[in-house]
Amino acid sequence: MRLNNKPRVVFTTLLVALSTAGYAQDLMNMLDQETEKQKKPDYVTATFKTTRIINGHSVENVARGVLDFRISHRFGFLSSGVYELFGLDQAAMRMGLDYGLSKRWMIGVGRSTYQKQFDGFTKYKVISQVADGMPVTVSAVAGMMYKSLKFDTPDRENFLTSKLYYSAQLLVARKFSESLSLQLMPTVIHYNLATGINDPNDVFSVGAGGRMKLSRRVSLNAEYYYQIPGHQLAGTQNSLALGFDIETGGHVFQLNVTNSTGMTERSFISETTGNFFKGDIRFGFTISRVFTIVKPKY
Amino acid sequence: MKFLLVNVLFCLFATQALTQPLYMTRNGKVFFFSKTPVENIDAVNNEVTSLLNTANGEVAVAVLVKSFHFDRALMEEHFNENYMESTKFPKATYNGKILNLDKINFKVNGTYPVEVGGDLTLHGVKQYQTATGTLTVAADKLEAAAQFTIKLADFKIQIPSLVAEKISETIEIKINCIYAPKQ
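Note that this is a predicted model, so its numbers are computed, not measured.

Cut-offs applied
Residues numbered from 1 in each chain as written. Chains lettered and ligands numbered in written order. Predicted model: local features only at pLDDT ≥ 70, side-chain atom pairs only at ≥ 80, totals over all residues. Heavy atoms only, no water. Buried < 20%, exposed > 50% of the residue type's maximum accessible area, 1.4 Å probe, protein only. Helix = DSSP H or I, 4+ residues; strand = E, 2+ residues; numbered from the N terminus. Contact = heavy atoms within 4.5 Å. Buried area = accessible area lost by both parts, 1.4 Å probe. Salt bridge = Lys/Arg side-chain N within 4 Å of Asp/Glu carboxyl O. Polar contact = N/O pair within 3.5 Å; in protein donor to acceptor, adjacent residues only side chain to side chain. pLDDT = per-residue confidence, 0-100. Pairing = 2+ DSSP bridges. Axes fitted to C-alpha atoms, helices over the stretch in contact; angles between N-to-C directions. Domains from an automatic or database assignment. Arc of directions from axis to C-beta. Lys, Arg positive; Asp, Glu negative; His and termini not counted. Core = buried A, V, L, I, M, F, W, Y, C linked by side-chain atoms within 4.5 Å. Patch = residues over 30% accessible without salt bridge, like charges linked within 9 Å, V, L, I, M, F, W, Y side chains within 5 Å. Areas by Shrake-Rupley, 256 points an atom, 1.4 Å probe, with all protein chains shown as cover. 1 Å grid on protein atoms, 1.4 Å probe; cavity = no way out; pocket = protein on both sides within 12 Å on 5 of 7 lines; lining within 4 Å. Points joined across faces, edges and corners; volume = space filled by probe spheres on them.

1. A few points about helix α2 (residues 73–83) of chain B
Within α2 of chain B, eight of the eleven residues are buried, which leaves the element mostly enclosed by the surrounding structure. Of all the residues in α2 of chain B, the buried ones are M75, E76, H78, F79, N80, E81, N82 and Y83 of chain B. The inward-facing, buried residues of α2 of chain B abut β6 (164–175), β8 (202–213) and β10 (239–248) of chain A together with β1 (22–35), β2 (40–53) and β4 (69–70) of chain B. One or two residues past the end of α2 of chain B sits E85 of chain B, with phi positive at roughly 45°.

2. Focus: the interface of chain A and chain B
Contacts between the two partners involve 40 residues from chain A, matched on the other side by 46 residues from chain B. At the boundary of chain A with chain B, total buried surface from both sides reaches about 3700 Å², with 60% on carbon and sulfur atoms. Along the contact surface separating chain A from chain B lie nine salt bridges. Salt-bridge contacts for D42 of chain A lead to K66 of chain B; the nearest nitrogen and oxygen are separated by 2.9 Å. At the boundary of chain A with chain B, the tally comes to twelve residue pairs in polar contact (both at pLDDT 80 or more). Of all the secondary structure elements, the ones that give two or more residues to the side of chain A that touches chain B are α1 (2–24), α2 (27–37), β10 and β12 (282–292) of chain A.

3. Some details on the confidence of the model for chain B
Looking at chain B as a whole, its pLDDT mean stands at 89, while 89% of the residues score no less than 70. For this predicted complex, the interface score ipTM comes out at 0.78, while the overall pTM is 0.83.

4. Let's talk about the sheet that holds strand β1 (residues 66–77) of chain A
In spatial order, the strands read β1-β2-β3-β4-β5-β6-β7-β8-β9-β10-β11-β12 (chain A); together these twelve strands close into a barrel with antiparallel pairing. Adjacent strand axes in the sheet meet at a mean angle of 20° when their direction is disregarded. Of the strand pairs in this sheet, strand β11 (residues 251–258) of chain A and β12 of chain A are connected by eight bridges, and their pairing is antiparallel. Within β12 of chain A, the position partnered with V252 of chain A by the bridge is S288 of chain A. Against the sheet, α2 of chain B makes contact with β1, β6, β8, β10 and β12 of chain A, and its axis sits at roughly 90° relative to β10 of chain A, the strand it touches most.

5. A word on the domain arrangement of chain A
Per the domain assignment, the segments of chain A are domain 1 (2–37) and domain 2 (66–292). Between the C-alpha centres of domain 1 of chain A and domain 2 of chain A there is a distance of 66 Å.

6. A word on the pattern of salt bridges
All chains considered together, the criterion is met by 19 salt bridges over all chains. Linking K35 of chain B and E172 of chain B is a salt bridge whose minimum nitrogen-to-oxygen distance equals 3.8 Å. Of this pair, K35 of chain B sits in strand β1 while E172 of chain B sits in strand β9 (residues 170–181); the two residues are 137 residues apart in sequence, bridging distant segments of the chain. What makes E172 of chain B partly exposed here is its relative accessible area of 33%. Between R72 of chain B and E39 of chain B there is a salt bridge, with its nearest N and O atoms 3.5 Å apart. Within this pair, whereas R72 of chain B is found in the loop between β4 and α2, its partner E39 of chain B is found in the loop between β1 and β2, the two being separated by 33 residues in sequence. Its relative accessible area of 42% is what places R72 of chain B among the partly exposed residues. Salt bridges linked by common partners bring E34 and K37 of chain A together with R26 and K182 of chain B together as one network.

7. A look at α2 of chain A
What α2 of chain A keeps buried is the set L27, M28, M30, L31, E34 and T35 of chain A. Along α2 of chain A, the residues classed as buried sweep out an arc of 155° about the axis, all on the same side.

8. Quick notes on the environment of H123 of chain B
Residues and elements named next belong to chain B. Among the secondary structure elements, H123 is positioned in the loop between β6 (110–122) and β7 (125–138). Separated by 33 residues in sequence, H123 and P90 have C-alpha atoms that sit 8.4 Å apart. A polar contact is formed between the side chain of H123 and the side chain of E85, at a distance of 2.7 Å. Among the polar contacts made by the side chain of H123, one reaches the main-chain carbonyl oxygen of K156 at a distance of 3.2 Å.

9. Considerations on the side chain of K125 of chain A
Among the secondary structure elements, K125 of chain A is positioned in strand β4 (residues 117–127). Look at K125 of chain A: it is buried, it has no salt bridge, and the nearest opposite charge is E60 of chain A at 4.9 Å.

10. Describing the nonpolar core
F32, L52, F68, F70, I150 and Y179 of chain B are the most contacted members of the largest nonpolar core, which totals 45 residues. The contacts of Y179 of chain B, once residues within four sequence positions are left out, are Y23, M24, T25, S50, L51, L52, V59, D140, K141, L142 and A144 of chain B. Counting residues in hydrophobic clusters, the runner-up holds 21 residues, among them M106, M185, V203 and A241 of chain A.

11. Here's the deal with a nonpolar patch on the surface
All names here are of chain A. Together, L101, W105, I107, Y124, V126, I127 and M134 make up a nonpolar patch on the protein surface, roughly 560 Å² of accessible area in all. For the nonpolar patch, the secondary structure elements donating two or more residues are β3 (105–112) and β4. Ranked by residues supplied to the nonpolar patch, first place goes to β4 with three residues. With respect to the secondary-structure elements, Y124 resides in strand β4. Taking relative accessible area as the criterion, Y124 reaches 39% and is therefore assigned partly exposed.

12. Some thoughts on the layout of surface pockets
Put simply, the second largest pocket is a space of about 500 Å³. Around the second largest pocket, the lining is made up of 25 residues, and of these K147, D152, Y165, L193 and T195 of chain A lie nearest the centre.

13. Topic: unusual backbone geometry
All names here are of chain A. Here the phi dihedral of L85 falls at roughly 45°; this positive angle occurs in a residue that is not glycine. Residue placement: L85 occurs in the loop between β1 and β2 (91–100). A relative accessible area of 45% means that L85 is categorised as partly exposed. Its identity is not glycine, yet K116 carries a phi of approximately 45°, on the positive side. Residue position: K116 is located in the loop between β3 and β4. Taking the relative accessible area as the measure of exposure, K116 reaches 43% and is therefore partly exposed.

Shown next as structure tokens:
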């Protein structure tokens with residue numbers, strides 16, 4: 001009996017071991033499978049460091065309840081020489097306040113010294129890039145600018161609306177890797193009053209921009225707006241800007257060189273006159289400081 | 001034949017017994033605190049998933065780093081972008097065991113002190129980590145609370161000197177899970 005029983009005991013033990021082996025399967029693997037079942041889309045974040053690439057908008061928004069105070073300077077042309085300290089004697093400035101109404105929707109206002117211009121915009125993130133899903137982020141921006149400079153033709157009948165300008169942009173961006181993001185921005189700018197007799201009311205352009213991270217806190221940015229021939233103002237150049245984003249805790253510094261003077265869509269996209277390759281380059285910088293106005297609830 | 005039948009039945013019972021003691025949560029909480037004289041930073045993650053096997057005391061915890069939320073959006077961005085590199089290391093996990101399982105009676109309701117030991121994987125670095133806390137046994141649920149402290153340097157998380165006085169070198173971590181029997 002005893003001898004006969006031995007294999008049975010072994011067999012039973014083996015069988016129990018086998019049936020429980022299915023369970024010895026790592027608890028962590030099991031947890032992985034469980035979480036996989038209820039996976040949420042993994043939205044790509046931080047395509048760009050701030051809401052602007054350099055002069056123009058990026059697909060980034062300020063977070064809900066966050067106020068972003070931005071001060072931008074563009075100095076004179078480097079080509080103006082030592083007498084003007086390579087442009088540092090003159091500066092155009094824009095002060096702006098941006099606010100995040102929701103995760104996807106932000107608004108902003110600003111005032112530029114250049115042509116005493118007021119501006120306001122609204123930006124909405126329509127589509128968000130998802131890792132292993134939607135390949136791009138798409139945002140729509142609409143802006144309105146008011147040039148408060150006095151009319152240079154006081155003797156004729158002037159309308160307030162003649163100093164209003166509108167811009168509409170579609171931003172299509174993709175974060176290709178942790179370091180590289182690229183963006184395309186078809187743009188139309190509308191002039192209520194055309195600038196010259198042969199100038200169009202609507203200026204069409206396509207912008208391209210990108211950023212390359214050099215380190216965790218520094219990135220190299222570039223931005224170019226190509227104006228569609230035949231749909232641009234006479235005597236204008238395409239806007240080109242190169243710059244660095246430098247992040248220091250609560251601030252982001254953007255240092256740049258550009259051939260544009262203004263910092264609103266209408267001023268830099270359609271009214272840039274400097275020729276970048278003939279030394280008409282301005283040094284400029286933007287400081288962005290964010291303040292949390294409404295704390296998020298979690 | 002009879003022997004086989006007994007064996008099969010026995011195995012069925014054996015696995016049956018083993019399928020029972022698994023408890024799970026999908027909405028556990030992890031808090032962390034960084035305290036310095038200059039600034040206190042805290043964050044919460046409400047989407048902690050965890051499995052607990054009451055038979056052998058095994059515990060597995062997994063969190064998505066991106067699901068940590070801060071009072072300030074910029075902190076959250078820096079946390080993901082600069083410190084945790086959450087695209088590169090999307091998950092933080094804990095794979096451990098209850099060390100004093102013999103002192104816990106899962107059949108009697110009550111609060112038991114608990115000690116856990118196991119591997120904490122964070123920012124791509126695996127470290128043995130113990131934690132102490134309590135386990136509350138109640139009808140149809142288990143409530144676990146534990147806390148421990150980690151050093152950022154141990155997990156290769158570098159703090160630049162510019163913000164060094166705002167971010168503590170040691171981080172307090174608290175975890176709170178209410179488990180229900182796994183279906």
